[in-house]
Amino acid sequence: MMSRHLLLAALLAGCLQAACAATPAERAQAMLGRMSFRDKIRMLHGSTEADGYVGLVEGNTELGIPDIRMNDGPQGFRAVDHPGTTTQWPSSLAIAATWNETAAYAWGRAMGAEFKAKGCDIQLGPAVNVARIPRDGRNYEYISGEDPHLGSVLAPAAIDGIQSQGVMANLKHFILNNQEANRTAASSNVDERTLIEIYARPFWAAVTAGNVRTVMCSYNSINHVHACENFETLRTILKGYMNFTGWVMSDWFATHTSVDSAANGLDMEMPYGLYFDELLEVAVARGLVGGDLLDEKVLRILTTMYGFGMFDRPKYNGTAATNVTSDEHTLLAEELALGSAVLLKNENGLLPLQAGGSLTIAVFGKPAHDDPVTGSVAGSGKVVPASVVTVLAGIEKTGAFSNVSYYAGADAGEASRLAQAADVCVVVLATNSKEGHDRETLALPAGQVAVAKAVAAANPRAVALIVAPGPVTVDWDAAFAAVLLMVNPGQQEGAAFAKLILGEVSPSGRLPFTIPNSDNEMEMTPAQYPGIALEVEYSEKLNVGYRWYNAHNVRPKYPFGHGLSWVSVQYSALAVDPSGLSANVTVTNTSPLPGADVCQLYVSFPAAAGEPPMQLKGFKKVFLPAGGSETVRVPVGETDLSVWNVSAHAWQRVHGNFTFAIGRSSQDMVLSATVAL
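So, here's what we can say about the structure.

This next bit is on the overall build of the protein. Check the secondary structure of the protein and you find 17 helices and 25 strands. The C-alpha radius of gyration of the protein comes to 26 Å, within 12% of the 26 Å expected for a compact globule of 677 residues. Across its three principal axes, the protein shows a C-alpha extent of roughly 85 × 60 × 55 Å. Within the protein, buried positions represent 62% of all 677 residues. Taking contacts inside the protein between residues at least 6 apart in sequence as the whole, the part at least 24 apart equals 75%.

Here you go:
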């Protein structure tokens, strides 16, 4: 047997020979034994010198501890000082609109590769907060959309992709960071069952299924306690119920105390040490923070770093200035944008267009070329690409039309005249959002809508493209034969749109949120949003998003899960496993074209369970050839058939009659079966 001294020496030399058999925890413990008090403190906060990254925790050359470099964000590497050096990917919410685990993995893998090539160790993403407020300025960052199950499936896939490249993912923003209004001062007040069943589910899946290594606590308070010093959410839920073994870092400047933050679960303050540097030293010296608590935090960080191989590989060569764009990633960005586009309506089969080089097309709106909206304009989600394929450029590049005209003005009369002269028209309407601000309205800009109405009135062959960071109101859409939605689709927006309208690819995206008939259709009170006296009451409880519509029997403009295609699909032979843990259904493409379909499984609990009706509990995207058929198995988890017992603080399986239904959306069920479980 190796002696304790030899083992210690080997551990401290890195993963060499016999030390390779030591566990990350053993190696971390050995390193901790060499560290001075000051060495430990330095590991618990960021540095003011970040080398071009948004965050840097300085390593220790003497001890062989590497730097930890981290950077935003959810739509690619945010290179503020080096624009054009990274891919502007479709947003997280766009990936939610794909309803496709494979796409989420590919997206994460490609982003992880770019972060690695830029010398980064941690990607600050994905963000998985459930969209409670349709106007939330950061909804585009959240891969869950308005449903916890959607996020619970897609977030682990994205994390797997990121971490497959040797870059740690950072799960954020924990938790109840559901609005930008008063985000640093407001308290999100919620009951335990709602917190767990709706808002914690995607985080839980990211920890258990995604094996995420770091978590970021949020700006807001939860039940009057700041998120980054909240014992209930950090210690009890995250590190307790979820058994998260990595480390928790603060959002930037979201730390408010030294003692309470240290005691209640925060491990690392970012971007630098206002509270976890000298003030923490004083707190330890005075006995307000124990040395064992300090060691726990350092061990969490070191163990995670050892487990992820950071001590056993050379420093990544790139810098924040390295250009990591590639033709391969440009093509993938286009494929992901294609898979996320949602066809909201298509009357009289206007799309796909049969151009053949003979049609003339008129394109309208500044967002079509002069002022395209492809991603966020500010905050952690801002990525400046090297180039953008606008809608106009994408259409022109196809060469499919005999003439392409463009009008970016606001004169409805002129727009009408130009529309009448074209065989087909495309109007692009767009809005955007950014970190720190919620949108004032879900309505699109009035000037854009006026032009759109004029074009549609003048030409019945008019297509509307909406580009938005989340839900919008579309009370003008009746005049259009076809309406497409793209959710902050990234730099290849126009290339993807052109392929869609020409039928090169069939649209297969589905709404990850509800499109309402009007602003505040859910009748939220001021106490619910934006809050009164900085108190935000989650009094709707479980009835979030489409659950509210189903519970109140209200038909929205376009329901959650809605999305059309060129192909027609039939469902048959629904069979629910006696355990309730899976359902099989046969999906048949009855059209002469190949295409994809999203098989959506909704479940209603026994009435006594007190759950909203018809909740998404499973889905699978399938690609079918013309006339093809496939039996699809949709798995269901134990917790999907459970409720959170607030007395036991645990999941409790529900028994009784459940209804399993296959739907085309949350309000369009086509097959159902009632099963006693």
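Next up on the list: the sheet that holds strand S13 (residues 424-430). Pairing within the open sheet is mixed, and its 6 strands lie in the order S10-S15-S14-S13-S11-S12. Sheet topology places strand S10 (342-346) and strand S12 (403-407) at the edges, where each strand pairs with a single neighbour. This sheet shows a mean twist of 15° between the axes of neighbouring strands, independent of strand direction. Strand direction decides the pairing type here: S10 and strand S15 (residues 482-487), joined by 4 bridges, are antiparallel.

Turning our eyes to something else, we now look at the nonpolar core. Ile 68, Met 70, Met 249, Leu 302, Met 305, Phe 364 and Leu 485 are the most contacted members of the largest nonpolar core, which has 148 residues in total. At 9 residues, helix H7 (residues 192-208) tops the list of elements feeding residues into this core. When sequence neighbours within four positions are dropped, the list of residues in contact with Met 305 reads Met 43, Ile 65, Pro 66, Ile 68, Met 168, Trp 247, Met 310 and Phe 311. Core analysis: the second largest hydrophobic core is formed by 35 residues, Val 363, Leu 392, Ala 400 and Phe 497 among them.

Counted according to the given criterion, the structure contains 3 cavities of 30 Å³ or more. The space that makes up the largest cavity amounts to roughly 80 Å³. In terms of lining, the largest cavity is formed by 13 residues, of which the most central are Glu 197, Arg 201, Arg 547, Gln 615 and Lys 617. Secondary structure elements with two or more residues in the lining of the largest cavity: helix H6 (148-163), H7 and strand S20 (615-624). Taken together, the residues of the lining of the largest cavity sort by class into 4 nonpolar, 4 polar and 5 charged. Its volume calculated, the second largest cavity comes out at about 60 Å³.

Now for helix H5 (residues 101-117). For H5, which comprises 17 residues, the first-to-last C-alpha distance of 24 Å matches the rise-based estimate of 24 Å (1.5 Å per residue) to within 8%. Every buried residue of H5 is listed here: Ala 103, Ala 104, Trp 107, Gly 108, Ala 110, Met 111, Gly 112, Glu 114 and Phe 115. Its side-chain oxygen at 2.9 Å from the backbone nitrogen of Thr 102, Asn 100 defines the N-terminal cap of H5. Phi turns positive, to about 80°, at Gly 119, one or two residues after H5.

Cis geometry is adopted by the peptide bond preceding Gly 73, which originates at Asp 72 and carries an omega value of 15°. Among the secondary structure elements, Gly 73 is positioned in the loop between strand S2 (68-72) and helix H4 (92-98). Positive phi values are uncommon outside glycine, yet Trp 99 reaches one of about 50°. Locating Trp 99 in the fold gives a position in the loop between H4 and H5. Here the phi dihedral of Asn 348 falls at roughly 60°; this positive angle occurs in a residue that is not glycine. Its location among the elements puts Asn 348 in the loop between S10 and strand S11 (360-364). Residue Asn 348 is classed as exposed on the basis of its relative accessible area of 80%.

Turning to its location among the elements, Asn 170 is positioned in strand S4 (residues 168-174). At 2.8 Å, the side chain of Asn 170 forms a polar contact with the side chain of Thr 214. Discounting residues that sit within four places of it in the chain, Asn 170 has contacts with Ile 122, Gln 123, Leu 124, Gly 125, Pro 126, Thr 214, Val 215, Met 216 and Met 249.

Thresholds applied
Residues numbered from 1 in each chain as written. Predicted model: local features only at pLDDT ≥ 70, side-chain atom pairs only at ≥ 80, totals over all residues. Heavy atoms only, no water. Helix = DSSP H or I, 4+ residues; strand = E, 2+ residues; numbered from the N terminus. Rg over C-alpha atoms; globule rule 2.2 N^0.38 Å. Buried < 20%, exposed > 50% of the residue type's maximum accessible area, 1.4 Å probe, protein only. Contact = heavy atoms within 4.5 Å. Pairing = 2+ DSSP bridges. Axes fitted to C-alpha atoms, helices over the stretch in contact; angles between N-to-C directions. Core = buried A, V, L, I, M, F, W, Y, C linked by side-chain atoms within 4.5 Å. 1 Å grid on protein atoms, 1.4 Å probe; cavity = no way out; pocket = protein on both sides within 12 Å on 5 of 7 lines; lining within 4 Å. Points joined across faces, edges and corners; volume = space filled by probe spheres on them. Nonpolar A, V, L, I, M, F, W, Y, C, P; charged D, E, K, R; others polar. Expected span 1.5 Å × (residues − 1). Polar contact = N/O pair within 3.5 Å; in protein donor to acceptor, adjacent residues only side chain to side chain.

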